[in-house]
Amino acid sequence: MSDSAGGGESGGGAGQDSEADNEPPQQPPPLLPGGAGEISEEGASPSAKRLRMSEEDVGQDQVVEPVQRHEETPTQPSSLQGRPAQTAEGDLLQCEEGGHSGKGVVVVGEEGEYHQNGEEGPKPEEEHNGDGSAESPGDGQQYVEEKRLSLDFTQNPQMLTGSWTEYSNLPENYLKGCKWAPDGSCILTNSADNVLRVYNIPPEIYSYNWDLLPEMSPVLRMAEGDTIYDYCWYPKMNSLEPDTCFLASSSRDNPVHVWDAFYGEVRASFRPYNHLDELTAAHSLCFSPDGAQLYCGFDKMVRVFHTERPGRDCEERPTIVKKQGQSGIISCFGFSPCQSVYACGSYSRCAGLYSCQDGTLLALLPTRHHGGLTHLLFSPDGNYLYTGGRKDPEILCWDLREPGRVVFSLKRNVATNQRIYFDLDQSGRYLLSGDTEGVVSVWDTHTAPPDGNEELLQPQLRFQAYWDCTNGVSIHPFMPLLATSSGQRQFPWPGDSEGDSASDTEGSGAVISQQDTRQDNVLTLWWAGPLSPAAEGSQDQSTTAAEA
């Protein structure tokens, strides 16, 4: 989701892929309904409308490159063919009739197996809801209850597959995080080459055919023009409704772009301007839970855009009023799941709670972190807030029923300015985080004493995922799957040219330099649930592979 030092670190050049040989999609991407992005001229062809939208909303500073696509275009689900997809309130676009491509759709079959659209072979029956639409992967809680697949951290997770060749084409192309889609159908990554990548889940995972898992390859690449500060999924994203499949990203000296997760093209842009009427980049992004608004963080300012109205119109909410409030760059957001409240973390090392209605400051938490906040999360019941910072060894758990009270703290090793993500499972029991040493720690928050007072909670499990920094951890919405990402900017040890003999330089100095320039830039999938009977025999080997 963003760069470590609030945008001070660049990814070592644009490093954008160019795949001009790929054919364009048969259907143009959807058009913007109403608002700033709609072309009102009648008689213009859809392609002309799309071109004019790109020129006006995207801007001349953004170059949209062709993206890698599936070899064969997946077909629409039977419940969606012949009619536009049902849209939720606040959705950006109406879906055009016809095929779509890019990311495959995952549906639940009779035997609990999952299949992607476009896959050959017999198709499973689709379960239909009352409105006639097919059941989406977002309804996976029912699947979990039926199959009783839950997270199991009594042993090390089993490494399944990953993506590493994709990040070896450019030097120092380290990852900066990974995020599961809200419906669990795909993974989104950010890396130092300023490219957002979308990966589908290998279908072999659902049938326990883990010995046949190939290396993952991205189905979409979306290249930004400069260092990506932050990115986020649309919270109502559902693969069965293509018009809901989009994400937002912010990069240096660029407006906020909304990307189509099926076509990999820019749907719209939100252009924030400062008091000098200059375009300014958002340092953090987050959609409201209903997807109707997009919150953007700036220096002592939050700007709120309406998702259905791209352009420059927004609501400005200063975080400092009459020299009182939260200072610094707003670096991260989080929304309460049960109240109309959102939290902002800033590089001034503090967090604030605000009203969603008008942005009124409700509470300002004490400054307890040693570095600027880079990530925060609400617990599923909304009673607790977890915050973590850069160059800060602690994740703090705040009791929001008594603002200012720290219930317990979690120790992790964060020695750099890089943003190190952590994640909670759907029940709020397990919290996972990586660190700059490549270790992933798992804490059971239910073991904390209810009347604890800033006690240090010991991890239930720790395993070495990488030798390099583990900067991203994301838990699948309803399956016992983990996604982790690794890498960081490497600084080779400078050779000492004075006072050392040639033998010394060729000896210890060369070894240190070579070791420091090693790279471990990988996206990895892990299985953290019960094993099938066929796989239990190789449990010890799986544990050894996970530790490696």
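Higher on the page you've got the structure.
No experiment lies behind these values; they were computed from the predicted model shown.

A.B. asks: Is there a simple way to think about the overall build of the protein in this case?
C.D. replies: In terms of helices and strands, the protein carries five helices and 33 strands. Of the roughly 23300 Å² of accessible surface on the protein, 46% is carried by carbon and sulfur atoms.

A.B. asks: Just to check I follow, could you spell out the packing of aromatic side chains for this structure?
C.D. replies: Geometrically, a pair of aromatic rings is defined through the distance of the ring centres and the angle of the planes. Using the criterion set out here, one finds 14 aromatic pairs in the structure. Aromatic side chains Phe246 and Phe287 sit 6.1 Å apart centroid to centroid with 70° between the ring planes, which places their arrangement in the edge-to-face category. Here Phe246, found in strand 9 (residues 246-251), pairs with Phe287, found in strand 12 (residues 284-287); they are 41 residues apart in sequence, far enough to count as distant. Phe246 gets classed as buried once you look at its relative accessible area, which sits at 0%. For Phe287, a relative accessible area of 5% corresponds to the buried category. Relative to Phe335, the ring of Tyr295 lies with its centre 4.9 Å away and its plane at 75°, an arrangement referred to as edge-to-face. Here Phe335 lies in strand 18 (residues 330-335) and Tyr295 lies in strand 13 (residues 293-298), a separation of 40 residues in the sequence. For Tyr295, a relative accessible area of 0% translates into the label buried. Here Arg312 stacks its cationic end above the ring of Tyr273, 3.9 Å away from the centre of that ring.

A.B. asks: So what exactly am I meant to see when it comes to the sheet that holds strand 28 (residues 439-444) here?
C.D. replies: As a general point, the strands of a sheet are linked pairwise by backbone hydrogen bonds and lie either parallel or antiparallel. Pairing is antiparallel in the open sheet, where four strands are placed in the order 26-27-28-30. The sheet is open, and its two edges are formed by strand 26 (422-424) and strand 30 (461-464), each paired on a single side. Each strand of the sheet is rotated relative to its neighbour by a mean of 15°, with strand direction disregarded. Bridging between strand 26 and strand 27 (residues 430-433) involves three bridges; their strand directions are antiparallel. Bridged to Phe422 within strand 27 is Ser433.

A.B. asks: So what exactly am I meant to see when it comes to unusual backbone geometry here?
C.D. replies: Across the chain, the bulk of peptide bonds are trans and the bulk of non-glycine residues have phi less than zero. The backbone of Lys300 sits at a positive phi, close to 55°, despite the residue not being glycine. Topologically, Lys300 is positioned in the loop between strand 13 and strand 14 (301-306).

A.B. asks: Got a minute to help me understand the pairing of strand 30 in this structure?
C.D. replies: The side chains of a regular strand alternate, residue by residue, between the two faces of the sheet. Only one face of strand 30 is buried, namely the one carrying Leu461 and Phe463, since none of Arg462 and Gln464 on the opposite face is buried. Here four bridges tie strand 28 to strand 30, and the two strands are oriented antiparallel to one another. Following the sheet pairing, Val442 is matched in strand 30 by Leu461.

A.B. asks: Would you mind going over the side chain of Ser433 with me for this structure?
C.D. replies: In this fold, Ser433 is placed in strand 27. A polar contact is formed between the side chain of Ser433 and the side chain of Arg412, at a distance of 3.0 Å. Beyond its immediate chain neighbours, meaning those up to four positions away, Ser433 contacts Ile395, Arg412, Ile420, Tyr421, Phe422, Val439, Val440, Ser441, Trp443 and Val473.

A.B. asks: Before we go on, may I ask you to explain the pattern of salt bridges in this structure?
C.D. replies: Any two side chains of opposite charge can pair, so long as their charged atoms come close to each other. For the structure shown, the criterion picks out 14 salt bridges. Salt-bridge contacts for Arg252 lead to Asp226; the nearest nitrogen and oxygen are separated by 3.3 Å. In this pair, Arg252 is assigned in the loop between strand 9 and strand 10 (256-260) and Asp226 in the loop between strand 7 (220-223) and strand 8 (228-233), connecting sequence segments 26 residues apart. Owing to a relative accessible area of 22%, Arg252 belongs among the partly exposed residues under this scheme.

Scoring rules and cut-offs
- Here the residue index of a chain counts from 1 through its sequence in written order.
- Reporting of local features is limited, given that this is a predicted model, to residues whose pLDDT is at least 70; pairs of side-chain atoms are given and counted only at 80 or more, and all residues count toward the totals for whole chains, interfaces and linings.
- Water and hydrogen atoms were dropped before computing side-chain values, which therefore reflect all heavy atoms in the structure.
- What counts as a helix is a DSSP run of H or I of at least four residues, what counts as a strand is a run of E of at least two, and both are numbered from the N terminus.
- Calculation of accessible area relied on Shrake-Rupley with a 1.4 Å probe; when residues are assessed, cover is drawn exclusively from the protein chains displayed.
- Within 6.5 Å between ring centres, the rings of Phe, Tyr and Trp (the latter by its six-membered ring) count as paired, and their orientation is classed by plane angle as stacked under 30 degrees, edge-to-face over 60, tilted in between.
- Here the term buried applies to any residue with accessible area under 20% of the maximum for its type, exposed to any over 50%, and partly exposed to those in between, with areas from a 1.4 Å probe on protein chains only.
- Only when the NZ of Lys or the CZ of Arg is both within 6 Å of the ring centre and within 35 degrees of the ring normal is a charge said to sit over the ring.
- Here a strand pair is declared whenever DSSP counts at least two bridges between the two strands.
- Every angle, taken between N-to-C directions, lies between 0 and 180 degrees, and every axis is a line fitted to C-alpha atoms, over only the stretch in contact when it is a helix.
- Throughout this description, a polar contact denotes any pair of N or O atoms lying within 3.5 Å of each other; where both atoms belong to protein, one of them has to be capable of donating a hydrogen while the other can accept it, and for residues adjacent in sequence the pair is counted only when both atoms sit in side chains.
- Only heavy atoms matter for contacts: two residues are in contact if any of them lie within 4.5 Å across the pair.
- For this analysis, a salt bridge means a side-chain nitrogen from Lys or Arg found within 4 Å of a carboxyl oxygen belonging to Asp or Glu.

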